[in-house]
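Residue-level structural notes
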Amino acid sequence: MINKLNVEGQNKYDYPETRQILNQLVADISQLSVNIHQTHWYMRGKEFFRLHPLMDEYMDQLGVHLDEIAERLIEIGGAPYSTTQEFMDHTGLPEEPGEFGKYSMEDYVARLVNQFEYLRDVYQKAMEISDAEKDWPTQDMLNGFKGEIDKNIWTLNAFLGKGPFGD
Ligand SMILES: [Fe+2]
């Protein structure tokens, strides 16, 4: 029989709202990866040779975010969404069939900025929630991820001739 060791006042690790918002991120990042893959396949135009591989970089980046977030969610007692149906049921991002010629290259980039901005805002919300629930390792992880998304937004907006906030 082993007696459980306790540090006074430090035996309650329950982060229900953090678990919920992390699963939101699992759904949103999964959907964003699908949308970026679609962009990778359907884009046409002068910038193809630069933007086509850029989409691969974004998918790699988001793949790291997704796995770390899902595993952190498990560490704090959650169960990550893991089916396409669950992602679709919970994401706030659009789902739209691909169609050649529907969007110009600039439209695709603007669409991507819009979706990265949405993800940035979910990250911000998740940082605030994990801070309020004192789940600082989660917040620490999210801080870096949001910084990466901020950079994506800045550089894509620069491509469109705009400032970091699309102004
Ligand atoms: Fe490819």
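Computed from a predicted model, the values in this text were never measured in an experiment. For every chain, the first residue of its written sequence is number 1, and the numbers climb from 1 along that sequence. The predicted origin of the model limits local features to residues at a pLDDT of at least 70 and limits the giving and counting of side-chain atom pairs to 80 or more, whereas totals for whole chains, interfaces and linings rest on all residues.

Thoughts on the overall build of the protein chain
Regarding its fold elements, the protein chain presents 5 helices and 0 strands. By definition, any uninterrupted DSSP run of H or I lasting at least four residues is a helix, any uninterrupted run of E lasting at least two residues is a strand, and each is numbered from the N terminus. For the protein chain, the N- to C-terminal ordering of α and β elements is α-α-α-α-α. Residue burial in the protein chain is summarised as follows: out of 167 residues, 32% are buried. Of all intrachain contacts in the protein chain linking residues separated by at least 6 positions in sequence, the fraction that spans at least 24 positions is 75%. Our exposure labels follow a C-beta count within 10 Å of each residue's own C-beta, placed from the backbone: buried means 20 or more other C-beta atoms, exposed means 12 or fewer, and partly exposed covers the counts in between. Contacts are defined on C-beta atoms placed from the backbone: any two residues whose C-beta positions lie within 7 Å are in contact.

Looking at helix α4 (residues 105-132)
For α4, spanning 28 residues, the distance from its first C-alpha to its last is 41 Å, which sits close to the expected 40 Å at 1.5 Å a residue. Looking only at α4, the buried set comprises Tyr-108, Val-109, Leu-112, Val-113, Gln-115, Phe-116, Leu-119, Val-122, Tyr-123, Ala-126, Ile-129 and Ser-130. Looking at the buried residues of α4, the elements they touch are α1 (16-42) and α5 (136-159). Directly after α4, the chain includes Lys-134, whose backbone phi takes a positive value near 60°. Under the convention used throughout, the expected extent of a helix is 1.5 Å for every residue step, that is, one less than its residue count.

Focus on the nonpolar core
Nonpolar cores are identified as sets of buried Ala, Val, Leu, Ile, Met, Phe, Trp, Tyr and Cys residues joined via C-beta atoms within 7 Å. With 35 residues, the main nonpolar core has Leu-22, Leu-25, Val-26, Tyr-123 and Ala-126 as its most contacted residues. Those elements that provide at least two residues to this core are α1, α2 (48-75), α4 and α5. Counting residues per element, this core draws most heavily on α4, which supplies 10 residues. The residues contacting Tyr-123, other than those within four sequence positions of it, are Leu-142, Phe-145, Lys-146 and Ile-149.

Some remarks on the environment of Met-55
By the secondary structure assignment, Met-55 is in helix α2. Residue Met-55 is classed as buried on the basis of its C-beta count, with 20 C-beta atoms lying within 10 Å. For the pair Met-55 and Trp-41, spaced 14 residues apart in sequence, the C-alpha to C-alpha distance is 9.4 Å.

Quick look at the packing of α4 against α5
Angle between the axes and distance between the axes: these two values describe a pair of packed helices. To define axes, lines are fitted to C-alpha atoms, for helices over the stretch in contact only, and angles between the resulting N-to-C directions are given on a 0 to 180 degree scale. Packing of α4 against α5 brings their axes to within 9 Å, and their N-to-C directions diverge by 160°. Comparing their axes, α5 and α4 come out roughly antiparallel. The interaxial crossing formed by α4 with α5 has left-handed handedness. Following the grouping adopted for this structure description, the nonpolar residues are Ala, Val, Leu, Ile, Met, Phe, Trp, Tyr, Cys and Pro, the charged ones are Asp, Glu, Lys and Arg, and the polar ones are all others, Gly among them. Within the contact of α4 with α5, the residues separate by chemical class into 14 nonpolar, 7 polar and 5 charged. An angle below 35 degrees is read as roughly parallel, one above 145 as roughly antiparallel, one from 65 to 115 as roughly perpendicular, and any other as oblique. Throughout, a crossing is termed right-handed when the near helix is turned clockwise from the far one, and left-handed when it is turned anticlockwise from it by less than a right angle.

Some words on the UniProt feature "domain: Ferritin/DPS" (unreviewed entry) in the protein chain
UniProt positions are given in the numbering used here, feature names are shortened, and annotations may be inferred rather than shown by experiment. Under the present numbering, the feature "domain: Ferritin/DPS" (unreviewed entry) in UniProt falls on residues 21-162. Secondary structure content for residues 21-162 is 77% helix and 0% strand, while the C-alpha to C-alpha distance between its ends is 30 Å.

Description of the packing of α1 against α2
It is at 9 Å that the axes of α1 and α2 come closest, and there the two elements cross at 160°. Classed by the angle they form, the pair α1 and α2 counts as roughly antiparallel. Like other packed secondary-structure pairs, α1 and α2 cross with a definite hand, here left-handed.

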